[in-house]
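# Fold and contact review
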Amino acid sequence: MTDLKYIIETLLLLAVPLVPVAAGLILRRKFPAAAEGATPATGAQKAGRLAGNILFWGGLAGILFMVVVVLNFKGKI
Amino acid sequence: MKKITLLITLCLLAAGAARAAGDAAWDKNRPEFKYFQEQDLYSEDSWQELAPEARNEALEKAEEPALERHDAELADYAAINRKWGLQEADQQVRRLNAEKIKAVYLWVGNKEGHELNHKVYVVKAMLAKASTEGINDADAQALTPYMLPGAIKDMRSMKAAAEMAQKQQAGVKAQGPGSQSTAKLDKFAAGTHGKMNAGKLSNLYTGSKATGDADVMLAGGAPKAGAKLPGSTAPNTTTAKTVKYTAPAALDEAGRTKSTAWTSDAYGYTITANGETKTYRDAAKAKEAIRQLPNGSVSKIILYGHGSPGMQTVGPESYDAADTAALMKGKMAKDGVIQFAGCNTASIGGATLNPAVGLSMITRRLLYFSLPYFGDRSSGTPAAEAKEQWEKGWNADLARDTSAGMKGAIVCGYRTFGLVPGRLPGLTKLMGSQEATTPGYVAGKKACYQDGKEVPVP
């Protein structure tokens with residue numbers, strides 16, 4: 001039971017950095033960049049795309065941060 | 001009357017026989033029965049089959065040797081059940097074979113036997129690792145319950161010593177890690193202070209502009225006598241100003257050549273005392289310099305290296321709260337600052353909305369709890385024991401614990417992993433900071449304590 005609790009905890013902790021990346025990806029798909037000649041994006045669409053970009057790239061940066069920390073922990077950096 | 005006497009005698013005899021039979025029942029906790037098991041004389045089943053007289057006779061015979069074995073095993077266990085030095089560890093892991101550990105299980109107890117088994121397993125594995133690939137912070141932490149701090153320090157330098165011996169054997173002139181240094185260290189440290197004092201970057205964690213080295217000035221930039229000490233409302237009036245001392249040559253005076261490595265090997269001691277700041281990489285020189293300083297003269301010391309919950313390394317040296325207190329005993333000025341410039345040298349603190357701090361918390365939990373917990377479980381440690389060991393260790397607060405033993409001094413550590421730009425591979429070469437002794441800018445969330453209570457970052 002103790003093991004199961006900690007396995008679930010570990011999986012959740014590992015999943016946390018992926019949440020903003022996934023949310024960012026969804027937003028980026030929902031609000032794609034305006035194609036040439038298409039109707040210009042509204043303010044809300046632009047804001048949605050921006051939020052998606054921030055979440056996506058911020059999330060990736062967070063994962064990169066964790067990788068750097070783990071490498072440092074392992075003595076590779 | 002005769003009948004009554006006879007009846008009483010019979011009753012007494014019956015009671016005596018019953019008592020004797022009761023005493024001779026199998027009792028795994030009695031030394032005699034442990035002795036039977038160890039010598040493979042009787043098992044619980046074969047004991048039941050014995051006649052009462054034979055049982056009593058066997059017990060009588062076993063009493064003396066059993067008590068001797070019992071006392072000897074308890075004394076031996078008491079000698080084993082403490083932190084080991086390096087030499088002792090080496091001897092003990094050779095001596096404590098399966099048979100010996102089995103004896104501890106039998107004579108001392110299951111829990112003790114299991115703990116000893118785990119201790120031998122960990123120490124044996126780490127001794128092997130130390131001389132081949134070297135031990136890292138997590139390994140050092142795993143060893144902390146079992147080995148003396150000095151022994152862990154020695155184990156950290158075992159790989160370098162082995163390599164050096166190999167080089168010497170091969171006829172190559174060995175060069176210690178301190179033989180390559182940076183002639184531009186002064187320039188770098190001063191440079192990073194200026195260039196890297198980027199308050200905006202600090203916002204990554206805290207939004208504060210605390211950089212960890214804001215009040216550190218290298219020699220030549222020392223505050224004038226009478227100037228206020230950092231974090232102090234009183235002028236720098238340590239009585240020690242007139243006391244002369246000769247500190248060992250600091251690194252910035254050594255004029256050695258610069259390391260050209262792509263990755264960082266930065267660590268060191270930065271000591272500010274009597275308005276003068278000196279930096280050292282060599283622990284022996286730093287300790288000697290501190291020893292020669294007058295009492296109450298150190299306004300700031302930065303211990304720069306790798307940190308982990310409850311421990312900080314400075315090169316091959318490692319410091320826990322007691323080590324640090326011993327190192328700086330009596331030397332700190334009032335409100336003087338001891339800065340642990342290493343990751344996770346304070347506890348994680350309360351909840352946060354800062355995503356960078358959150359990620360750091362998650363990583364700390366994964367590295368210092370989840371990984372070692374599952375490592376222990378895979379090596380057969382019971383869940384309750386592994387949980388107890390790692391739950392209490394992963395969020396240890398070195399800064400708070402140190403401050404509790406350093407009256408009046410402010411002790412600061414990092415609640416998070418600290419990112420030091422000067423340590424990034426490649427950048428470290430570009431900046432010439434491979435062997436820097438001060439961290440310069442650190443992106444991390446600081447926490448400071450005085451007398452065990454949290455105080456604002458000075």
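Please refer to the structure placed before this passage.
Residues numbered from 1 in each chain as written. Chains lettered and ligands numbered in written order. Predicted model: local features only at pLDDT ≥ 70, side-chain atom pairs only at ≥ 80, totals over all residues. Heavy atoms only, no water.

### Points about the overall build of chain A
When its secondary structure is counted, chain A shows three helices and zero strands. Each helix and strand of chain A, ordered N terminal to C terminal, gives the series α-α-α. Counting the 77 residues in chain A, one finds 21% classified as buried. Taken as a whole, chain A presents about 5100 Å² of accessible surface, with 74% of it coming from carbon and sulfur. (Helix = DSSP H or I, 4+ residues; strand = E, 2+ residues; numbered from the N terminus. Buried < 20%, exposed > 50% of the residue type's maximum accessible area, 1.4 Å probe, protein only. Areas by Shrake-Rupley, 256 points an atom, 1.4 Å probe, with all protein chains shown as cover.)

### Brief notes about the interface of chain B and chain A
When the parts of a complex come together, some accessible area is lost, and that lost area is often taken as the interface size. Counting from both sides, the interface comprises 26 residues of chain B and, opposite them, 21 residues of chain A. Of the roughly 2100 Å² buried between chain B and chain A, counting both surfaces, carbon and sulfur atoms make up 74%. Inspection of the chain B/chain A interface yields two salt bridges. A salt bridge links Asp3(A) to Arg377(B); the nearest nitrogen and oxygen atoms lie 2.7 Å apart. The set of elements that each furnish at least two residues to the side of chain B that touches chain A consists of α15 (355–378) and α16 (383–393) of chain B. Here the element with the most residues in the side of chain B that touches chain A is α15(B); it accounts for 14 residues. Grouping the amino acids of the side of chain B that touches chain A by side-chain chemistry returns 15 nonpolar, six polar and five charged. (Contact = heavy atoms within 4.5 Å. Buried area = accessible area lost by both parts, 1.4 Å probe. Salt bridge = Lys/Arg side-chain N within 4 Å of Asp/Glu carboxyl O. Nonpolar A, V, L, I, M, F, W, Y, C, P; charged D, E, K, R; others polar.)

### Here we look at the pattern of salt bridges
Where charged atoms from two side chains of opposite charge come close, those side chains can pair. Residue and element names in this part refer to chain B. Using the criterion set out here, one finds 15 salt bridges over all chains in the structure. Close ionic contact of Glu73 with Lys100 constitutes a salt bridge, the shortest N to O distance being 3.0 Å. Of this pair, Glu73 sits in helix α4 (residues 52–80) while Lys100 sits in helix α6 (residues 98–107), and the two are 27 residues apart along the sequence. Note on Glu73: relative accessible area 4%, which makes it buried. Classification of Lys100 as buried rests on a relative accessible area of 15%.

### Let's talk about the state of the cysteines
Residues and elements named next belong to chain B. On inspection of all chains with the given rule, the structure shows one disulfide over all chains. In this model, Cys412 is linked to Cys448 through a disulfide, with the two sulfur atoms separated by 2.0 Å. Across the S-S bond linking Cys412 and Cys448, the dihedral sits near 110 degrees, which makes this disulfide right-handed. Of this pair, Cys412 sits in strand β8 (residues 410–414) while Cys448 is found in strand β9 (residues 446–450), placing the two residues 36 residues apart along the sequence. (Disulfide = S-S within 2.5 Å.)

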